[in-house]
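Inside the fold
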Amino acid sequence: MSKAPELNASWQGSHIRQYSTVDISFAVNTPKGLVTPTLRNVAAKGLQTINADSKRMVQKALDGKLLPDDYAHGTFTITSLSASGIEEFAAIINPPQVAILAIGCGVASDEKTKVSFVLSCDHRVVDGAVGAAWLAEFKKFVEEPVMMLVV
């Protein structure tokens, strides 16, 4: 998010609110429906901590034990339909957030696996050029994951 801080914002009806911490919501399918627990201040955490936190939140969601603070105030959402075999889809933004990243399942092709990433943006706050710049940076991390360790 540091490469496009405009995505770490929300639309407040008459103005834009920019956030200083990155709080990532992510979709979890539970027996009672879809919920989006939130990982707090991810920019200040390492990958192992983020992984452990996400596993803990998924378990709380599946157990029906999320508290309101566990799913409130996300600044950006990630969703995936890869477990359903969906290759590509457009996700609906969770207001008042201004963007959501949809991740499709991987498809083997020419000795590589191709994955679809679709970014939906609220154009009242973020235009397509900012979204494209963010996706270009995100693509670099996906293609060279070690870069996440040095940034």
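Residues numbered from 1 in each chain as written. Predicted model: local features only at pLDDT ≥ 70, side-chain atom pairs only at ≥ 80, totals over all residues. Heavy atoms only, no water.

**Some words on the sheet that holds strand β11 (residues 117–121)**
Rules: In short, DSSP must find at least two bridges between two strands for them to pair. Secondary structure follows DSSP: runs of H or I at least 4 residues long count as helices, runs of E at least 2 residues long count as strands, and numbering of each begins at the N terminus.
Pairing is mixed across the open sheet formed by 5 strands, whose spatial order is β6-β3-β7-β8-β11. Of all the strands in the sheet, the pair left with one neighbour each is β6 (38–39) and β11. Taken together, the 2 bridges between strand β3 (residues 24–26) and β6 define a ladder with antiparallel strand orientation. Directly across from Ser25, in β6, lies its bridge partner Thr38.

**Some thoughts on the packing of aromatic side chains**
The geometry of an aromatic ring pair comes down to the distance between the two centres and the angle between the two planes. How we decide: Any two of the Phe, Tyr and Trp rings considered here, Trp counted by its six-membered ring, make a pair once their centres fall within 6.5 Å; the pair's planes then place it as stacked at under 30 degrees, edge-to-face at over 60, or tilted in between. Partly exposed residues are those whose accessible area sits between 20% and 50% of the maximum for their type, while under 20% is buried and over 50% is exposed, using a 1.4 Å probe and protein chains only.
Under the criterion given, the structure shown has 3 aromatic pairs. When the ring of Phe76 is compared with that of Trp134, the centres are 5.3 Å apart and the planes differ by 45 degrees; the resulting orientation is tilted. Linking Phe76 in strand β7 (residues 76–80) with Trp134 in helix α3 (residues 128–143), this pair joins segments that are 58 residues apart in sequence. Phe76 gets classed as buried once you look at its relative accessible area, which sits at 2%. Its relative accessible area of 7% is what places Trp134 among the buried residues. Measuring from ring centre to ring centre gives 5.0 Å for Phe117 and Phe138, while their planes differ by 75 degrees; the resulting arrangement is edge-to-face.

**Points about unusual backbone geometry**
Note that the residue after Pro95, namely Pro96, is joined by a cis bond; omega there is 5 degrees. Position of Pro96 among the secondary structure elements: in the loop between β7 and β8 (99–103). A positive phi angle, close to 50 degrees, is found at Asp110, a residue other than glycine. With respect to the helices, strands and loops of the structure, Asp110 is situated in the loop between β9 (107–109) and β10 (112–114). Residue classification places Asp110 among the exposed positions, given a relative accessible area of 71%.

**Description of helix α1 (residues 47–62)**
Using the following cut-off: Here a helix's expected span is defined as the number of its residues, less one, multiplied by 1.5 Å. In this context, the arc is that of the directions from the helix axis out to the C-beta atoms. Whether two residues touch is decided by their heavy atoms; if any such pair falls within 4.5 Å, the residues are in contact.
Helix length check: α1 (16 residues) gives 22 Å between terminal C-alpha atoms against 22 Å at 1.5 Å per residue, within 8%. When we look at burial in α1, the residues that qualify are Asp53, Ser54, Met57 and Ala61. Projected down its long axis, α1 shows its buried positions confined to an angular sector of 100 degrees, all on one face. For α1, the exposed residues lying more than 90 degrees away from the buried face are Gln48 and Lys55. Buried residues along α1 sit against β3, β4 (28–30), β5 (33–35), β6 and α2 (68–71). Following α1 by one or two positions, Gly64 has its phi on the positive side, about 70 degrees.

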